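Structural description and commentary
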Amino acid sequence: MTILLIVLPIVAGSLLFLAPSGDKVLSKVVGCAVAAVTFFEAIFARGGGDFTVRWLSRPFTAAFHFNTDGISFWIVLLLALCTFCAVLACNVPRTRNFIALLLLLEGAMMGVFTAKDLLAFALFWDLMLLPVFFALAGWGERRDTAWRYLIYNFAGGLALLLATAAFGMAYGSTDVIGQAAHPLAGTWAPWIFAGFAFAFLVKTPVWPLHTWMPATYADTPSPMVAVVSAVQSKAGLYGFIAIALPFASASMHDASAFFIVLGSISLLYGAFAALAQTDAKRIVAYSSLSHLGLILIAIFSFNAIALQGALVYIIAHGLFSAALFLVIGYVEEREESRSLARLGGLGKANPRLAGAFTIAALAALGLPGLAGFAGEIVILTGVVQAGNIWPALVALVAIVVAAAYMLRLLQGAINGPQVADLPVRRDLTLLEGLAMAPLLAALVAIGVNPHLLTSALAMVTK
Amino acid sequence: MTTNLYSQADWAAVTPLFVVGITALVVLLADLFAKRHSNRYVSLLLGVLGLGAAAVICAQSYGQNYAAFGGGFVLGGFTVVFEEIILLAAGFSLVLYGAIGSEERMAGVVALMLWGTSGAMLMAGAANLMTIFLGLELLSLALYCLCGLAARATAREAALKYLILSSAASGFMLYGMALLFGASGSVALSALTAASVAASPFFWMGCGLFLVGLTFKLSLVPFHVWAPDVYEGAPLPVTAFMSVVTKAGALAVFARFAYAALPSGAAAHLLLPIWIVAGASMLVGNLGMLAQTDIKRLLAYSGIAQIGYIVAALAGGTSQGLRYAIYYLVAYTFMNLGAFAVVALCSTDKEEGSHVAALHGLGYRRPALAAAMTFFLLALAGFPPTAGFLGKVFILATNVGSGYAWLAALLIIGTAISLYAYFKVIRAMYDRAPSHRVVDVRPVAPLAWLSLAICLAGVLVMTFYPLTPSNVLPLVK
């Protein structure tokens, strides 16, 4: 049942607030159980359980319509996996509230990625802001980060809402996602697309709308930022693929040069900005900006191969960014710092931590044999085939820079000389190792045999 | 031989009003005989029972379409829905007053509220200029007294300010009505629709003055300045009462006027300023909210913006727009009353008793109350899953569909501005830093809990089952 994917985490998360606040173990056990059940539900949800309940019949028809078909299935799976890993490894003060927020976030995002109705999509789109806002307000380091996150994303959400209402009026129905339908026509079509595009660009984010993102990623506790960067940042790209591409392809074609330029700027700007950071989380945040710019270019190349690559890279980026943020979280917990200026030589005393960190970082820089490379090579092939030579060249530059900043991160934190006054703490515990293992295993599996994903996604892109 | 000027059906149409008005008398009488320590409960119980009885009688006439008193009071889906909204808000305010108000003046306050309620109900059905003014004055006179109840300097200031400004607005309206009467030769709103009326300059002047008066009562920009001061000074239950009942009554009059009383050619020119004013209210109300530290003032500015949204829904002149305006008004009733209830339970009667700081850390002191407040504020900000979200979708859709996309854009901008103000309160409730201005939460009466729960359920259920009355038109006969 698709609807359970949404309802179970939201109900469980809400009820968790009633549990005794001091009981860390209970919260964690409940959280893990719910996340695990959701994960198995997600696996079995494929192809089955189309859930529809009529919502509005006026002024346009809308329905609570959810399904896990096509790319939704893979993103839902990624979301369920990331949430499980995040809850499993969670070691944050006021654990009960934090895990409850994580579950609420999972439920809201399940709604975004399984919604087949635009209005339901917009509903969950706004809803998924709240857990992150409360996490930033409760656990964040600086006060204004939460405001910046909320205001940017709510502005995007409002644009989405207006575009959805206009879409409904023009089209007569919003129950349209994933259905073979005629594209939107009329003088309003470009404006409706612009509303959607603004929301998606803010959420991804793409330069110059990205300024909320590095601060948010740095301030949110690691388990949540792992989920946010892995999955929430994909909501915009998913929107381009699932909503804009079928219904506003004409507008997309007209504006493709604009979006490719934005994507290219993000790609380069993110890469060079990552090179200049000393905060480990900010390095990964800017690398996300860079990688997601590449996916945007792929989507706007209108090429089947590029699109397939985009889907593979969406999953791959989700896996390695979640892994990176989780492992940086472990480092921060142990050493109470994530500054490259302070860290160094952790690998000597912590081989397991070093191993996990290395695999995740190498996947992020696109080492062949890991999932990141599979996505990048397919995207580049498609982009070149579509005739976009210069964006491909820009991407090549960015990939080289990616190697530089990721190795710098690895070098600064794990390798290099041991810092004298840095206390030596214990290596990854069993739970922490278990939380990393599925992400790393998936990175290797997709990297070695990308056919796993590409063959499944080939059907989607047709 | 005696002839009955009015039939039984005429009186049946206004029975709910009479029930409410007579209940007020019964409350006053009962207060004379009740024992000192129990009179509070007697007044409250009688008042709520009277409102409940009126609501039941009123609901039974849903589906009827009848012009009572020669067209002075039109019974129909529109009237019934507005009467029910008014009764609900009145009942809620009574319960709130019972939970936190002072002991001794209980019966008088209940009676005044009930009379004000019957005035607003008269406005809901009024279809000629006389009944409109009668209802308006009945409501306003009750409010002048209610505003000055609290023993504070700001309360007296509020009452005086409201008396003077509101009387001036009534004067505008009355002058406008006289001119309209001069133009059409009839007090009936339906007489204004004749094409010949629009030729008269009196008609245009009269409409202008009439609409200025209404705009004041709706607290739309630029006639909104009184609202924050009066809301701040009046006792909280009275503020809650005003924020819904006055607006609902004035909105009913405005909707009837805009939909049914204008010659078809004149409406577009005549009402354009109102739509502009509604758009300006969205901006000014939401901008004004940003600077507020008193939560009653904050909610006053919020109300200015919210009424702007509701009026904007009427811009297309379609029956759908009217239905969505009603939907949003019901949603606003629930979320606004809910928010006021929480504020009432967390503030004192002293000066600045309702400072935002009084809510500081509420999430740790009273988690359930804080969660409810968060929900209501989210609804006011238009976050899902609340009726505020869906109501905004409706208004956006109807504006886009009827060619008022600029109003939709203003709504979006206004909502974006309001976000910070609402979330400032939410954040204060979940802030861990200690604050010295924290006020102890009052013990909550079971009835107050019940009304909070009703508001919560209303906001939530309306999201998933968005019912709107289908028989709202015609508005005059």
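Residues numbered from 1 in each chain as written. Chains lettered and ligands numbered in written order. Predicted model: local features only at pLDDT ≥ 70, side-chain atom pairs only at ≥ 80, totals over all residues. Heavy atoms only, no water.

1. Quick word on the environment of A:Gly263
All names here are of chain A. Within the secondary structure layout, glycine 263 lies in helix 13 (residues 256-276). For the pair glycine 263 and isoleucine 297, spaced 34 residues apart in the sequence, the C-alpha separation amounts to 5.5 Å. When neighbours within four sequence positions are excluded, glycine 263 is seen to be in contact with Gly293, Leu296 and Ile297. (Helix = DSSP H or I, 4+ residues; strand = E, 2+ residues; numbered from the N terminus. Contact = heavy atoms within 4.5 Å.)

2. Here we look at the packing of aromatic side chains
With the rule as written, the count across this model stands at 51 aromatic pairs over all chains. Between the aromatic rings of A:Phe64 and B:Phe464, the centroid separation amounts to 5.4 Å while the plane-to-plane angle is 40°, which identifies the pairing as tilted. Of this pair, A:Phe64 sits in strand 2 (residues 62-66) while B:Phe464 is found in helix 18 (residues 446-464), placing the two residues in two different chains. When the ring centre of A:Trp139 is taken as origin, the NZ or CZ atom of A:Arg94, which lies over that ring, is 4.8 Å away. Above the ring of A:Trp125, the side-chain terminus of A:Lys203 is found at 5.4 Å from the ring centroid. (Phe/Tyr/Trp six-rings, centres within 6.5 Å; stacked < 30°, edge-to-face > 60°. Lys NZ or Arg CZ within 6 Å of the ring centre and 35° of its normal.)

3. As for unusual backbone geometry
With an omega of 5°, the peptide bond between A:Trp207 and A:Pro208 qualifies as cis. Along the chain, A:Pro208 turns up in the loop between helix 8 (189-203) and helix 9 (212-219). Of the consecutive residues B:Val221 and B:Pro222, the connecting peptide bond is found in the cis state with omega at 5°. With respect to the helices and strands, the residue B:Pro222 is situated in the loop between helix 8 (201-218) and helix 9 (226-233). Not every positive phi belongs to a glycine, and A:Arg94 is a case in point at roughly 55°. Note that A:Arg94 resides in the loop between helix 3 (71-89) and helix 4 (95-114).

4. Notes on the interface of chain B and chain A
Tallying the contact residues gives 34 residues for chain B and 30 residues for chain A. Carbon and sulfur atoms supply 80% of the area buried between chain B and chain A, which totals about 3000 Å² over both sides. Linking chain B with chain A are one salt bridge. Note that B:Asp431 and A:Arg143 form a salt bridge whose closest N and O atoms lie 3.5 Å from each other. Here chain B and chain A share three residue pairs in polar contact (both at pLDDT 80 or more) between them. Secondary-structure elements contributing two or more residues to the side of chain B that touches chain A are helix 13 (319-345), helix 15 (367-381), helix 16 (387-401), helix 17 (405-429) and helix 18 of chain B. With 11 residues, helix 17 of chain B is the largest single contributor of residues to the side of chain B that touches chain A. Grouping the constituent residues of the side of chain B that touches chain A by class yields 24 nonpolar, five polar and five charged. (Buried area = accessible area lost by both parts, 1.4 Å probe. Salt bridge = Lys/Arg side-chain N within 4 Å of Asp/Glu carboxyl O. Polar contact = N/O pair within 3.5 Å; in protein donor to acceptor, adjacent residues only side chain to side chain. Nonpolar A, V, L, I, M, F, W, Y, C, P; charged D, E, K, R; others polar.)

5. Considering empty space enclosed by the protein
By rolling a water-sized probe across the atoms, one finds the places where empty space is left. Residue and element names in this part refer to chain A. Applying the stated criterion across every chain, the model contains six cavities of 30 Å³ or more. Counted as a void, the largest cavity has a volume near 60 Å³. Around the largest cavity, the lining residues are Leu267, Ser290, His291, Leu294, Glu376, Ala395, Ala398, Ile399, Ala402 and Tyr405. Counting only elements with at least two residues in the lining of the largest cavity, the list comes to helix 14 (280-299) and helix 18 (389-413). In terms of residue count, the dominant contributor to the lining of the largest cavity is helix 18 (five residues). (1 Å grid on protein atoms, 1.4 Å probe; cavity = no way out; pocket = protein on both sides within 12 Å on 5 of 7 lines; lining within 4 Å. Points joined across faces, edges and corners; volume = space filled by probe spheres on them.)

All quantities given are derived from atomic positions and should not be read as evidence of function.
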